[in-house]
Amino acid sequence: VNTTSGGPRLEAMGGALGRSVVVLAVQLASSSSSRFVGAPQVPSISASCAAIEFLHAGNASDLKEVYIYAKEKKDTDFSTMWGTGLPVLDVSDQPAIYMDGQESWDQILYEAGPDVKAKRFRALMRKLPSGTEFQVKLTERLATTNKYSSPSAASKSAVSSTHAIVPASPINLEIHRTDPRLNIKKHDGSVCVDLHW
C-alpha cells in the first residue's frame, strides 16, 4: 500500500479488478496497530460476490467497517482498494464454513497465543469480475488517530466463478393474508399478503 503525507488520493485503475475499484493512498499507523489475527479467508465465492471472514481482537462494538485491498495474480502489490469501507457482521456464534485447505479459526487462535481474544467477522465483496484469481488484505480506520491500521496478512488465492449460480427453488412456500382488521381491501379490491419460504 502506498502512503502519502497528505490526504486520500483517488486514481483510476486498469485490469479486471480495477474496473470496479479505485486506489486510495492512505496514511498508515505503526506496524503494531493491526488488530487482525491471522489471515482473512474466503469461505464462499460466486461469479460476482465473495464472503471475506477474519478474526479481529478489538472491541466488537468499535468495528463497524473494514477496508479491503485486493491483488490480482498479475499485480505486484495490494494497492487496489475495494470501494470504500465495507460493513462487517459479527459471525462468531455462527458455524464456520471452510473451503478445501483452509485453516480452522480455532487453530489460528491457538497459534496466536493464549492471551489473544478475538471474534470472527464477515464482510461482503460485491461486483467481482467473473473468473478472476485474487487475494485480499484488510485494514481498519483507527478512531484514536484517524489513520488506517497496518494491513492484515494476505489471504490465500481465491477465484470467482465463471458463471452465475442459479438460485435454488423455494421450499415450504406459504402465502396468507395478514390480519384483515389492519390489512383492509384497497380501492381496487386487492389485499396485501405474506409470503414465507
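It should be noted that the structure appears before, not after, this text.
Right, let's walk through the structure included here.

### Overview of unusual backbone geometry
A positive phi angle, near 60°, is found at Lys 127, a position not held by glycine. Under the relative-accessibility criterion, Lys 127 is labelled exposed at 66%. Even without glycine at this site, Asn 172 takes up a positive phi of about 55°. Its place among the elements puts Asn 172 in the loop between strand S11 (158–159) and strand S12 (174–177). Asn 172 gets classed as exposed once you look at its relative accessible area, which sits at 65%.

### Describing a nonpolar patch on the surface
A surface patch of nonpolar side chains, amounting to about 590 Å² of accessible area, comprises Leu 173, Ile 175, Val 193, Leu 195 and Trp 197. Residue position: Leu 173 is located in the loop between S11 and S12. Residue classification places Leu 173 among the exposed residues on the basis of a relative accessible area of 54%.

### Section: the nonpolar core
Ranked by internal contacts, the top residues of the largest apolar core, which has 21 residues, are Ala 50, Ile 52, Phe 54, Val 66, Ile 68, Met 125 and Phe 134. When contributions to this core are tallied by element, the ones reaching two or more residues are strand S3 (36–45), strand S4 (50–56), strand S5 (65–72), strand S9 (119–125) and strand S10 (133–139). The next biggest cluster of nonpolar side chains, apart from the first, holds five residues, and it includes Tyr 69, Phe 78, Met 81 and Tyr 148.

Basis of the calculations
Residues numbered from 1 in each chain as written. Predicted model: local features only at pLDDT ≥ 70, side-chain atom pairs only at ≥ 80, totals over all residues. Heavy atoms only, no water. Buried < 20%, exposed > 50% of the residue type's maximum accessible area, 1.4 Å probe, protein only. Helix = DSSP H or I, 4+ residues; strand = E, 2+ residues; numbered from the N terminus. Patch = residues over 30% accessible without salt bridge, like charges linked within 9 Å, V, L, I, M, F, W, Y side chains within 5 Å. Areas by Shrake-Rupley, 256 points an atom, 1.4 Å probe, with all protein chains shown as cover. Salt bridge = Lys/Arg side-chain N within 4 Å of Asp/Glu carboxyl O. Core = buried A, V, L, I, M, F, W, Y, C linked by side-chain atoms within 4.5 Å.

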